[in-house]
Amino acid sequence: MADRGRLVPIAVAMVGAYLALAWMALLATGPSEVTLIWPATGVAYASMLFFGWRWWPVPAISVLLLHLTIAPAPPFLVCWSIVGNVLGALGGVWFVRRFVPDVFERFDVPAGAGVLAGGVGLAMVSASFGALGMWLSGQSSASELLTNALRWAIGDLYGIIAVMPAVLLGLQRRYSTSAPLLPSSGAYASPSERRVWLGLMFLVLLGAAWLGSENPTHALAMVGLPLALLVWAAVRLPPLTVAIANGAVSLLMAMALSLGFAGPAPATPISTATLAAFLCVIAAIPMTLSLGMFQSRQAAARLLQRANTDALTGTLSRSAFEYQARRALQRVPFQPMAVAYIDLDRFRLINDAMSHAVGDDLICAVAGVLRANLPAQDELARIGGDE
């Protein structure tokens, strides 16, 4: 994790990101209404998942500053909102730490499902406190209590699905010291393919926005065309890239739909909740596929590492040594090289007299001495036995 000296700037950045995303969500509604989406929840949830429950002041300060600056609200409602957001985040983090404690080492579909389950709990707690606070403070009627709670929960869930993965993966890549086994760079798309994908995504977003504004009946293009490219990204690009692209595209789609740029904006609370739930499903598809693809690549990387590494000494295996030797011999122009073959005389006597465990320890010790005295560019391999 990050050292303590860098925690304050990170916390400030998280609060700033929370306020920026909240401002975006409030563009289409008034400050006293429940928004279509609430992407800021993803920032708060990701920061507490990564840094732990002691980061509860981040959502508390974020919500307080939000109501003091962007969305003024009665003090009573502000208190209920702060308590709901903090308790919900604490509950979600507790669930993940309790049932998926190795989430940062695994990064697979079951781990993602555990994080999502904790997010669902967060959304339910936050929505319950928020909707109840709106009613008790006179911002809504009792008949709107359940509807507001549903819209609040789905809006929070959208932020968890669309924004949280990008923030969490970004924090892990920058500050974590215990990352899962990563596939080789060759397992993903080449730089040229990534540039083609980026250009097509830019053109598709422009085309979908123009088509939706010219003919609202084609508003489905706002979803279908970018989703196809996000599925391509989920198959061919690293998870962090997919998470960033998915979050950005999902936010653009949600803003266009809520502002009426891609057809009429939802007019009733039920239609708003239905649209937000649809956006949640659309945002979940690329990340679920990306998790599955990463899990498959991770399994392949483990098998390749096992095949190329000697289990006892950690040096190259015989097959890996032969592959490296063939590559060196085929290199053009040919570069001079040398191969040193070493074995241990009378090694069988050690195994017979002192056990195979002692013999294994001796082989490991010899390999360690050789590795410590070899230049970094040289390779060390165990061919078999004491060779």
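Look up a bit, the structure's there.
Residues numbered from 1 in each chain as written. Predicted model: local features only at pLDDT ≥ 70, side-chain atom pairs only at ≥ 80, totals over all residues. Heavy atoms only, no water.

Chemist: So, the overall build of the protein chain: which residues are in play, and what are the values?
Modeler: Scanning the protein chain from N- to C-terminus turns up 15 helices and 0 strands. Every one of the 387 residues in the protein chain was classed for burial, and the buried ones make up 42%. Counted over contacts in the protein chain with a minimum sequence separation of 6, partners at least 24 positions apart contribute 74%. With the model as given, the accessible surface of the protein chain reaches about 20,200 Å², and the carbon-plus-sulfur share is 67%. (Helix = DSSP H or I, 4+ residues; strand = E, 2+ residues; numbered from the N terminus. Buried < 20%, exposed > 50% of the residue type's maximum accessible area, 1.4 Å probe, protein only. Contact = heavy atoms within 4.5 Å. Areas by Shrake-Rupley, 256 points an atom, 1.4 Å probe, with all protein chains shown as cover.)

Chemist: Tell me about the packing of aromatic side chains, and name the residues and values.
Modeler: One pass over the full model with this rule turns up 8 aromatic pairs. Ring centres of Trp80 and Phe129 lie 5.7 Å apart, and the angle between their planes is 45°; this geometry places the pair in the tilted category. With Trp80 in helix α4 (residues 75–99) and Phe129 in helix α6 (residues 109–136), the pair connects residues that are 49 residues apart, well separated along the chain. Arranged with centres 4.8 Å apart and planes meeting at 45°, the rings of Phe95 and Phe99 form a pair that is tilted. Of this pair, Phe95 and Phe99 both sit in helix α4, 4 residues apart, which is roughly one turn of the helix. Members of the aromatic cluster, connected to one another through ring pairs, are Phe50, Phe51, Trp55 and Phe104. Its end group placed over the ring of Phe99, Arg98 keeps NZ or CZ at 5.2 Å from the ring centre. (Phe/Tyr/Trp six-rings, centres within 6.5 Å; stacked < 30°, edge-to-face > 60°. Lys NZ or Arg CZ within 6 Å of the ring centre and 35° of its normal.)

Chemist: How would you explain the pattern of salt bridges if you had to name every residue and give the values?
Modeler: Where charged atoms of side chains with opposite charge meet at close range, the side chains can pair. In this structure the tally under the stated criterion is 3 salt bridges. Close ionic contact of Arg236 with Glu193 constitutes a salt bridge, the shortest N to O distance being 2.9 Å. Here Arg236, found in helix α10 (residues 221–236), pairs with Glu193, found in helix α9 (residues 191–214); they are 43 residues apart in sequence, far enough to count as distant. In this structure Arg236 comes out as partly exposed when scored by relative accessible area, which is 28%. Note that Asp310 is salt-bridged to Arg382, the shortest N-O span being 3.3 Å. Residue Asp310 is found in the loop between α12 (269–308) and α13 (318–330), and its partner Arg382 is found in the segment after α15 (356–373); the two are separated by 72 residues along the sequence. The buried category is assigned to Asp310, whose relative accessible area is 13%. Residue Arg382 is classed as buried on the basis of its relative accessible area of 17%. (Salt bridge = Lys/Arg side-chain N within 4 Å of Asp/Glu carboxyl O.)

Chemist: Can you explain the packing of helix α14 (residues 347–354) against α15? Please cite residues and give values.
Modeler: Running from N to C, α14 and α15 cross one another at 140°; their axes reach a closest spacing of 6 Å. By the angle between their directions, the pair α14 and α15 is classed as oblique. Contact residues: Phe347, Ile350, Asn351 and Met354 in α14; His356, Val358, Gly359, Leu362 and Ile363 in α15. Split by residue class, the contact of α14 with α15 holds 6 nonpolar, 3 polar and no charged. (Axes fitted to C-alpha atoms, helices over the stretch in contact; angles between N-to-C directions. Parallel < 35°, antiparallel > 145°, perpendicular 65-115°, else oblique. Nonpolar A, V, L, I, M, F, W, Y, C, P; charged D, E, K, R; others polar.)

Chemist: Give a detailed account of the environment of Ser290, specifying residues and quantitative values.
Modeler: Examined against the element boundaries, Ser290 turns out to sit in helix α12. Residues Ser290 and Pro238, 52 residues apart in the sequence, show an inter-C-alpha distance of 7.8 Å. Apart from the residues within four sequence positions on either side, Ser290 is in contact with Ala234, Pro239 and Val242.

Chemist: Can you lay out the side chain of Asn246 for me, pointing to particular residues and giving the numbers?
Modeler: Mapped onto the secondary structure, Asn246 falls in helix α11 (residues 239–258). In terms of polar contacts, Asn246 uses its side chain to reach the backbone carbonyl oxygen of Ala283, at 2.9 Å. Not counting residues within four places of it along the chain, the set of residues in contact with Asn246 comprises Ile161, Leu230, Ala283, Pro286 and Met287. (Polar contact = N/O pair within 3.5 Å; in protein donor to acceptor, adjacent residues only side chain to side chain.)

Chemist: Break down the side chain of Ser47 for me, with residues and values.
Modeler: Within the fold, Ser47 resides in helix α2 (residues 40–51). Judged by its relative accessible area of 0%, Ser47 is buried. Among all residues touching Ser47, those that are not within four sequence positions of it are Met14, Gly52, Trp55, Val58 and Leu171.

Chemist: Could you give an account of a nonpolar patch on the surface, with specific residues and numbers?
Modeler: Taken together, the side chains of Val196, Leu200, Phe202, Leu203 and Leu206 define a hydrophobic patch exposed on the protein surface, amounting to about 480 Å² of accessible area. Summarising the element assignment, Leu206 is placed in helix α9. (Patch = residues over 30% accessible without salt bridge, like charges linked within 9 Å, V, L, I, M, F, W, Y side chains within 5 Å.)

Chemist: Describe the packing of α2 against helix α7 (residues 145–162), naming the residues involved and giving the relevant values.
Modeler: Following both chains from N to C, one finds α2 and α7 inclined at 60°, their axes separated by 7 Å at the closest point. Judged by the inter-axis angle, α2 sits oblique to α7. Every pair of crossing elements has a handedness; the one defined by α2 and α7 is right-handed. Contact residues: Thr41, Gly42 and Tyr45 in α2; Asp156, Gly159 and Ile160 in α7. For the contact of α2 with α7, the class distribution of residues is 2 nonpolar, 3 polar and 1 charged. (Left-handed = near helix turned anticlockwise from the far one by under 90°.)

Note that every value here comes from positions in space, so none of it alone points to a role or purpose.
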